[in-house]
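What the coordinates show
The lines below spell out each chain.
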Amino acid sequence: MGCPVNLFDVLDQAATRFGDRGALFCGERQLCTWSQLLERVLRLAASLQGHAERGSRIAVASENRPEIVELMFAIWAAECVFVPINYKLHPREMADIVANSGASLVFASPRIASSLSLDVPVEVIGSAAYTARFDTEPARSPDTAPEELAWLFYTSGTTGKSKGAMLSHRNLMAMTVAHLADIDDPDETCSLIHGAPMSHGSGLYVAPYVLRGARQVVPESGAFDPAEFLDLCAHHPGASAFLAPTMVQRLVETGRPAPQSLRTIVYGGGPMYVDRMRKALDAFGPVFAQIYGQGESPMTITGLRRADHDDADDAALGSVGYARSGMHVAVLRNDGSQADIGEIGEIVCRGDAVMSGYWNNPAATASTLKDSWLYTGDMGSFDGRGYLTLRDRSKDVVISGGSNIYPREVEEVLLTHPGVVEACIVGAPDPDWGEIVVAFVVGDVDAGALDAHLLERIARFKRPKRYEFVDALPKNSYGKVLKRELRARLT
């Protein structure tokens, strides 16, 4: 068997090579071997084929559960499109993603299913109906072309409107190969611990670790608990994980030493301050690797290997590393010309990992993809050693606890409150969260009323952690709010 050309082939190859080894675990408990997982996936795929046409979008909304692994591969085996939904979102936001994607079926955890009101079927993961799907005769292995759509990764722009980045099998295989080439090199004696949400980074890393036969381990809690995570790392061999910087900080705060079996912690999704990284290295040793990517180029723009952290100076640790294998990364001036070393400009990239566009959104696609280049909206600069450093985010995204929060979305909801005249959202540095959301509000209203108003309409994690009530927002001569002045007030 040669190199896999689609994501189902990744599992098929693992089952061929490592059939009797443990594949999927809930906590310390083994659920199935690779051969058993493959059979479950093909049975589940056959049941999906009976109700979903090729290319249908199938959504999954759940806390971390072992079933997510079998669902994603079954959806690909049925030649359908995997649409994971962040379980932290408000039910209205989940409904928007289901509607935008045109999903014909939603698999949801019991808690989330009870909160959803949709026009398409919702099946509870683990229910009798779900279990009955495995009574179906197994499907035949698919023959999916690399260019076909595999994953709709929902991100957002400054408007706060959900956009589905279209990731093909080729895009995700490029991500898989780059991870194995640049970041981690696991084998069948290793493990991937899913501490971070499987709807995003941790789920994207299923493919490279499955390809190498590394066991998939989902915490029994379905979430990130530092003590549970470290216990699982101690139990499972060659443990690796993807974590947000705030999760790394929580591990350090436990005061526990790194388990000997801890192999790699890949961090990304938000700023990692240099002093925090040095404390993490002191506490856990040389186990850290960094990635910089976006949903539009999943996990794959630049990175720092574990070895790059050894004896690194502050500039290196404060950077997001080198361009990844198969990726061309550049920094451009406003006129499109290439910036000089040390000059700040917009970061752009191209390569096989870059999406083909946004689902049913040609305008957003045209503004983001230009001549095969992905315009990230992030500002940065290269130094003479090839390190890329992020300097600012032109889209004003607030990254809190590893989650992207889009100011205009929160502002628009605030402005629907009758007591709010004007509102502006900015991010403020925070030692625990990386950033917190701060709302500057003009109007006759209090923080409690705004909290209640927001919690009825958007996810809790997007809610401002601080409100500043002001008489007016600073503006330039064109009427644009001067966010830099607001940020200066917070220092």
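Residues numbered from 1 in each chain as written. Predicted model: local features only at pLDDT ≥ 70, side-chain atom pairs only at ≥ 80, totals over all residues. Heavy atoms only, no water.

**Brief notes about the overall build of the protein**
- A count of helical and extended segments in the protein gives 18 helices and 25 strands.
- Oriented by its inertia axes, the alpha-carbon framework of the protein measures out at about 70 × 55 × 50 Å.
- In the protein, which comprises 491 residues, the share counted as buried stands at 59%.
- Sequence-distant contacts in the protein: of pairs separated by 6 or more residues, those separated by 24 or more amount to 65%.
- Carbon and sulfur atoms form 48% of the exposed surface of the protein, whose accessible area is close to 19900 Å².
- Across the protein, 47 positive and 61 negative side-chain charges occur, with their mean positions spaced 2 Å apart. (Helix = DSSP H or I, 4+ residues; strand = E, 2+ residues; numbered from the N terminus. Buried < 20%, exposed > 50% of the residue type's maximum accessible area, 1.4 Å probe, protein only. Contact = heavy atoms within 4.5 Å. Areas by Shrake-Rupley, 256 points an atom, 1.4 Å probe, with all protein chains shown as cover. Lys, Arg positive; Asp, Glu negative; His and termini not counted. Charge placed at Lys NZ, Arg CZ, Asp CG, Glu CD.)

**What about the sheet that holds strand S13 (residues 288-294)?**
- The 9 strands are arranged S2-S1-S10-S9-S11-S12-S13-S14-S15 in an open sheet whose pairing can be described as mixed. One side of each edge strand has no neighbouring strand; the edge strands of this open sheet are strand S2 (29-33) and strand S15 (322-323).
- With 4 bridges joining them, S13 and strand S14 (residues 297-304) adopt antiparallel strand pairing. Within S14, the residue paired with Gln290 across the bridge is Leu304.
- Against the sheet, helix H12 (residues 274-284) touches strand S12 (262-267) and S13, its axis set at about 140° to S13. (Pairing = 2+ DSSP bridges. Axes fitted to C-alpha atoms, helices over the stretch in contact; angles between N-to-C directions.)

**Observations regarding the sheet that holds strand S24 (residues 434-443)**
- Strands sit in the order S23-S24-S25 across an open sheet of 3 strands; the sheet is mixed. A strand with exactly one partner marks an edge of an open sheet, and here the two such strands are strand S23 (420-430) and strand S25 (466-469). Averaged over all pairs of adjacent strands, the angle between strand axes in this sheet comes to 25°, irrespective of strand direction.

**Some remarks on the packing of helix H1 (residues 7-18) against helix H2 (residues 34-49)**
- At a minimum axis distance of 8 Å, the contact between H1 and H2 shows a crossing angle of 145°. H2 is crossed by H1, and the crossing has left-handed handedness. Along its contact with H1, which presents Phe8, Leu11, Asp12, Ala14, Ala15 and Phe18, the element H2 presents Trp34, Ser35, Leu37, Leu38, Val41 and Leu42.
- For the contact of H1 with H2, the residue count by class is 10 nonpolar, 1 polar and 1 charged. (Left-handed = near helix turned anticlockwise from the far one by under 90°. Nonpolar A, V, L, I, M, F, W, Y, C, P; charged D, E, K, R; others polar.)

**Structural notes on the pattern of salt bridges**
- All told, the structure shown has 26 salt bridges when counted by the stated rule.
- Between Arg54 and Glu148 there is a salt bridge, with its nearest N and O atoms 2.5 Å apart. With Arg54 in the loop between H2 and strand S3 (57-61) and Glu148 in the loop between helix H6 (128-132) and strand S7 (149-156), the pair connects residues that are 94 residues apart, well separated along the chain.
- Overall, Arg54 belongs to the exposed group, its relative accessible area being 52%.
- Its relative accessible area of 25% is what places Glu148 among the partly exposed residues. (Salt bridge = Lys/Arg side-chain N within 4 Å of Asp/Glu carboxyl O.)

**Things to note about the pairing of S13**
- Taking burial as the measure, the 7 residues of S13 include 6 buried ones, the bulk of the element.
- Taken together, the 3 bridges between S12 and S13 define a ladder with parallel strand orientation. Its bridge partner lying in S13, Tyr267 is registered against Gln290.
- A loop of 2 residues connects S13 with S14, the two strands running antiparallel in sequence.

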